[in-house]
Amino acid sequence: AQSVTQLDSQVPVFEEAPVELRCNYSSSVSVYLFWYVQYPNQGLQLLLKYLSGSTLVKGINGFEAEFNKSQTSFHLRKPSVHISDTAEYFCAVSEGNEKLTFGTGTRLTIIP
Amino acid sequence: EAGVVQSPRYKIIEKKQPVAFWCNPISGHNTLYWYLQNLGQGPELLIRYENEEAVDDSQLPKDRFSAERLKGVDSTLKIQPAELGDSAVYLCASSFGAGDEQFFGPGTRLTVL
């Protein structure tokens, strides 16, 4: 069975500083990996996804993530955050690109 | 282009009462999903439809939850009777096909008193 672990429930970061949100997964087969963002009182929006090919994936809003098969990780990074990046971030895994299994989320708070 | 539409956005009911949530997916999307999101948790799949057929309802508590997508377009999720533990956000998502990107609606926040 597939699962996702987001160890950091909350991450405070100063504005314009870099950030990394950690995601580790477990699966017995090849996986597809996703990062979603959820702004307050809104639905989830896809930031980026890894299906195959290059392990460095670039997404919207300046975010990127790197798939590391040996470490079973898919950490999300941004070199310089803005106030508008304050939101909840969810990592998700899919074994057949059908059923998504989500992590518990990381709340990113940007400090002015 | 309109996104996934859900109504109501908020619902407060007393326990043991019935409640229903409605979802209209993006036009042309054949696959529709209902997720449950508890506070501080990620969404969990309740049921997935391919057109009007429920192809994965293994996580749907069938003693009190039911769903339908009669014409393969919009869908309704019902709880009867509601329990205190059902307080959560109910998210609807849709995709063109089972393997395509899922687009999420804003959700319905249910509070059971």
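Residues numbered from 1 in each chain as written. Chains lettered and ligands numbered in written order. Predicted model: local features only at pLDDT ≥ 70, side-chain atom pairs only at ≥ 80, totals over all residues. Heavy atoms only, no water.

Things to note about the interface of chain A and chain B
Part 1 of the reasoning: Taken together, the contact between chain A and chain B spans 16 residues of the former and 22 residues of the latter.
Part 2 of the reasoning: Interface of chain A and chain B: buried area, both sides summed, is about 1,500 Å²; carbon and sulfur atoms make up 48% of it.
Part 3 of the reasoning: Remark: the boundary between chain A and chain B carries 0 salt bridges.
Part 4 of the reasoning: Our count for the contact surface shared by chain A and chain B stands at 2 residue pairs in polar contact (both at pLDDT 80 or more). (Contact = heavy atoms within 4.5 Å. Buried area = accessible area lost by both parts, 1.4 Å probe. Salt bridge = Lys/Arg side-chain N within 4 Å of Asp/Glu carboxyl O. Polar contact = N/O pair within 3.5 Å; in protein donor to acceptor, adjacent residues only side chain to side chain.)

A short note on unusual backbone geometry
Peptide bonds are trans in most cases, and residues, glycine excluded, mostly fall at negative phi.
All names here are of chain B.
Part 1 of the reasoning: Here the residue pair Ser7 and Pro8 is connected by a cis peptide bond, since its omega of -10 degrees sits within 30 degrees of zero.
Part 2 of the reasoning: Examined against the element boundaries, Pro8 turns out to sit in the loop between β1 (5–7) and β2 (10–13).
Part 3 of the reasoning: Here the residue pair Gln80 and Pro81 is connected by a cis peptide bond, since its omega of -5 degrees sits within 30 degrees of zero.
Part 4 of the reasoning: For Pro81, the position within the fold is in the loop between β8 (75–79) and β9 (88–95).
Part 5 of the reasoning: For Asn51, which is not glycine, the phi torsion reads 55 degrees and is therefore positive.
Part 6 of the reasoning: Note on placement: Asn51 falls in the loop between β5 (44–50) and β6 (53–56).
Part 7 of the reasoning: Judged by relative accessible area, Asn51 falls into the partly exposed class, the value being 34%. (Helix = DSSP H or I, 4+ residues; strand = E, 2+ residues; numbered from the N terminus. Buried < 20%, exposed > 50% of the residue type's maximum accessible area, 1.4 Å probe, protein only.)

Topic: the state of the cysteines
Part 1 of the reasoning: Scanning all chains against the criterion turns up 2 disulfides over all chains.
Part 2 of the reasoning: One disulfide in the model links A:Cys23 with A:Cys91; its S-S distance is 2.0 Å. Residues A:Cys23 and A:Cys91 are joined by a disulfide whose S-S torsion is about -65 degrees; by sign, that bridge is left-handed. Residue A:Cys23 is found in the loop between β3 (19–21) and β4 (24–26), and its partner A:Cys91 is found in strand β10 (residues 87–94); the two are separated by 68 residues along the sequence. Like A:Cys91, A:Cys23 is buried.
Part 3 of the reasoning: Note on cysteine connectivity: B:Cys23 is disulfide-linked to B:Cys92, with sulfurs 1.9 Å apart. Disulfide B:Cys23-B:Cys92: torsion about the S-S bond near -70 degrees, hence left-handed. Of the two residues, B:Cys23 sits in strand β3 (residues 19–24) while B:Cys92 sits in strand β9, which places them 69 residues apart along the sequence. (Disulfide = S-S within 2.5 Å.)

Some thoughts on the pattern of salt bridges
Residues and elements named next belong to chain A.
Part 1 of the reasoning: Per the counting criterion, the structure on display carries 10 salt bridges over all chains.
Part 2 of the reasoning: Glu20 is the salt-bridge partner of Arg77, the closest N and O atoms lying 2.8 Å from each other. Here Glu20 lies in strand β3 and Arg77 lies in strand β9 (residues 73–78), a separation of 57 residues in the sequence.
Part 3 of the reasoning: Judged by relative accessible area, Glu20 falls into the partly exposed class, the value being 36%.
Part 4 of the reasoning: One salt-bridge network, in which partners are shared between bridges, spans Glu20, Glu66 and Arg77.

Quick notes on the pairing of β9(A)
All names here are of chain A.
Part 1 of the reasoning: Extensive coverage of β9 is indicated by the burial of 5 of its 6 residues.
Part 2 of the reasoning: Here β3 runs beside β9; their pairing, made up of 3 bridges, is antiparallel. Each residue of the ladder has a partner; that of Glu20, found in β9, is Arg77.
Part 3 of the reasoning: For strand β8 (residues 64–68) and β9, the ladder comprises 5 bridges, and the chain directions are antiparallel. (Pairing = 2+ DSSP bridges.)

Thoughts on the sheet that holds β8(B)
Residues and elements named next belong to chain B.
Part 1 of the reasoning: The antiparallel open sheet is built from 4 strands, whose spatial order is β1-β3-β8-β7. Only two strands of the sheet have a single partner each, and these edge strands are β1 and β7 (65–68). Neighbour-to-neighbour, the strand axes of the sheet open up by a mean angle of 15 degrees, direction not taken into account.
Part 2 of the reasoning: Here 3 bridges tie β1 to β3, and the two strands are oriented antiparallel to one another. Bridged to Gln6 within β3 is Cys23. (Axes fitted to C-alpha atoms, helices over the stretch in contact; angles between N-to-C directions.)

With respect to the confidence of the model for chain A
Part 1 of the reasoning: In this model, chain A carries a mean pLDDT of 92, and residues with pLDDT of at least 70 account for 98%.
Part 2 of the reasoning: Element-level pLDDT for chain A is lowest in strand β11 (residues 101–102) of chain A, with a mean of 92, against a maximum mean of 98 in β3(A). (pLDDT = per-residue confidence, 0-100.)

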